[in-house]
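# Notes for the structure review
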Amino acid sequence: MKPINQWLSEYGESHQNPTNKKVHFVCVPVIFFTIVGLLYCVKLPFSFAAGYPVTGAHIALLFTAIYYSLLSIPLAIGMVLYSVVCLLLCRAIDTAPYQLLIVSISLFVLAWIAQFWGHKVEGKKPSFLKDLQYLMIGPAWIMSFLFKKVGLSV
């Protein structure tokens, strides 16, 4: 497995244009949230204490945390914290039948349209077309910028 700094550097190569960067800073976290939202809609037949349902999102985020921890413990901690925020938002939105599903699908489609527009402006193809792991690196790339802003290293 490549070291995290190599992943981030390679991802950054196709994200140099300021407009494309801004689009990614908004859309990557939105897409991450929508995937959590879609998986949250998959309720499993068991629950945590206090009757809180276990969902596909909980299972997927467990494996996501393991993946990120193999790359960088600080980034994994940041991504786990963002994942908790996503889960709390999902729980808040999931109050009416299909509400979370509709919100997630709508935002997912809009965010991907914006992402592809950003790459058109950039003049470079999305990184994930070269390697699907870049779909996981995108959120870490955003988190790494947030870390740098507050003086943390990845």
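Preceding this section is the structure that the text describes.
Structure report, in brief. (Residues numbered from 1 in each chain as written. Predicted model: local features only at pLDDT ≥ 70, side-chain atom pairs only at ≥ 80, totals over all residues. Heavy atoms only, no water.)

### Section: the packing of helix α3 (residues 56-71) against helix α6 (residues 134-149)
Let me state the cut-off plainly: To get an axis, fit a line to the C-alpha atoms, keeping to the stretch in contact for a helix; angles then go from 0 to 180 degrees between the N-to-C directions. Note on conventions: DSSP H or I runs of at least 4 residues are helices, E runs of at least 2 residues are strands, and numbering of each starts at the N terminus. Working rule for angles: under 35 degrees goes down as roughly parallel, over 145 as roughly antiparallel, 65 to 115 as roughly perpendicular, anything else as oblique. Less than a right angle of anticlockwise turn of the near helix away from the far helix marks a crossing as left-handed, whereas a clockwise turn marks it as right-handed. Contact definition: two residues touch when any of their heavy atoms are within 4.5 Å. Three classes are used: nonpolar for Ala, Val, Leu, Ile, Met, Phe, Trp, Tyr, Cys and Pro, charged for Asp, Glu, Lys and Arg, and polar for all others, with Gly counted as polar.
The N-to-C vectors of α3 and α6 enclose an angle of 70°; their axes lie 12 Å apart at closest approach. Between α3 and α6, the crossing angle belongs to the class labelled roughly perpendicular. α6 is crossed by α3, and the crossing has right-handed handedness. Of the residues in α6, those in contact with Thr64, Tyr67, Tyr68 and Leu71 of α3 are Met136, Ile137, Pro139 and Ala140. Residues that form the contact of α3 with α6 fall into these classes: seven nonpolar, one polar and no charged.

### Topic: the packing of helix α2 (residues 18-40) against helix α4 (residues 73-93)
The N-to-C vectors of α2 and α4 enclose an angle of 55°; their axes lie 9 Å apart at closest approach. Regarding the angle of α2 to α4, the classification is oblique. Seen from above, α2 lies across α4 with right-handed handedness. Between α2, through Pro29, Val30, Phe32, Phe33, Val36, Gly37 and Tyr40, and α4, the contact on the second element is made entirely by Met79, Tyr82, Ser83, Cys86, Leu87, Leu89, Cys90, Arg91 and Ile93. Taken together, the residues of the contact of α2 with α4 break down into 13 nonpolar, two polar and one charged.

### Brief notes about the side chain of Ser14
What counts, and what does not: Using a 1.4 Å probe on the protein chains alone, a residue whose accessible area is under 20% of its type maximum counts as buried, one over 50% counts as exposed, and one in between counts as partly exposed. Polar contacts, as counted here, are pairs of nitrogen or oxygen atoms within 3.5 Å of one another; within protein the pair requires one atom able to donate a hydrogen and one able to accept it, and residues that are adjacent in sequence qualify only if both atoms are side-chain atoms.
Looking at the element boundaries, Ser14 is found in the loop between α1 (4-13) and α2. When its relative accessible area of 8% is taken as the criterion, Ser14 is described as buried. Separated by 3.2 Å, the side chains of Ser14 and His15 make a polar contact. With sequence-adjacent residues up to four places away left out, Ser14 is seen in contact with Asn20, His119, Glu122, Lys124, Lys125 and Ser127.

### Structural notes on the nonpolar core
Threshold: The definition of a nonpolar core used throughout is a set of buried Ala, Val, Leu, Ile, Met, Phe, Trp, Tyr and Cys residues joined through side-chain atoms within 4.5 Å.
Membership of the largest hydrophobic core comes to 36 residues, with the highest contact counts inside it found for Leu8, Phe32, Val36, Tyr40, Tyr68, Leu75 and Ile137. If you list the elements that add at least two residues to this core, you get α1, α2, α3, α4, α5 (99-122) and α6. No other element matches α2, which puts eight residues into this core. If sequence neighbours within four positions are ignored, Tyr68 has contacts with Phe32, Ala76, Met79, Met136, Pro139 and Ala140.

### Focus on the pattern of salt bridges
Put simply, the rule reads: What makes a salt bridge here is a side-chain nitrogen of Lys or Arg within 4 Å of a carboxyl oxygen of Asp or Glu, nothing more.
Applying the stated rule across the entire model yields two salt bridges. With a shortest N-O distance of 2.6 Å, Lys2 and Glu10 are connected by a salt bridge. Residue class for Glu10 comes out buried when judged on its relative accessible area of 18%.

### Describing α5
Inclusion rule: What a helix should span is 1.5 Å times the count of its residues minus one.
Given a rise of 1.5 Å per residue, 24 residues ought to cover 34 Å, and the 34 Å separating the end C-alpha atoms of α5 matches this to within 8%. All of the buried residues in α5 are Leu100, Ser104, Ala111, Trp112, Gln115, Gly118, His119 and Glu122. Each element contacted by the buried residues of α5 is listed here: α2, α4 and α6. Downstream of α5 by one or two residues, Gly123 has phi in the positive range, about 85°.

### Considering a nonpolar patch on the surface
To keep things clear, this is the line we draw: Patch membership requires over 30% relative accessible area and the absence of a salt bridge. Like charges are linked within 9 Å, and nonpolar side chains (Val, Leu, Ile, Met, Phe, Trp, Tyr) within 5 Å. Residue exposure ignores everything except the shown protein chains as possible cover, and the areas themselves are Shrake-Rupley values with a 1.4 Å probe.
A contiguous nonpolar patch, built from Met1, Ile59, Leu62, Phe63, Ile66 and Leu70 and spanning about 660 Å² of accessible area, is present on the exposed surface. Along the chain, Leu70 falls in helix α3.

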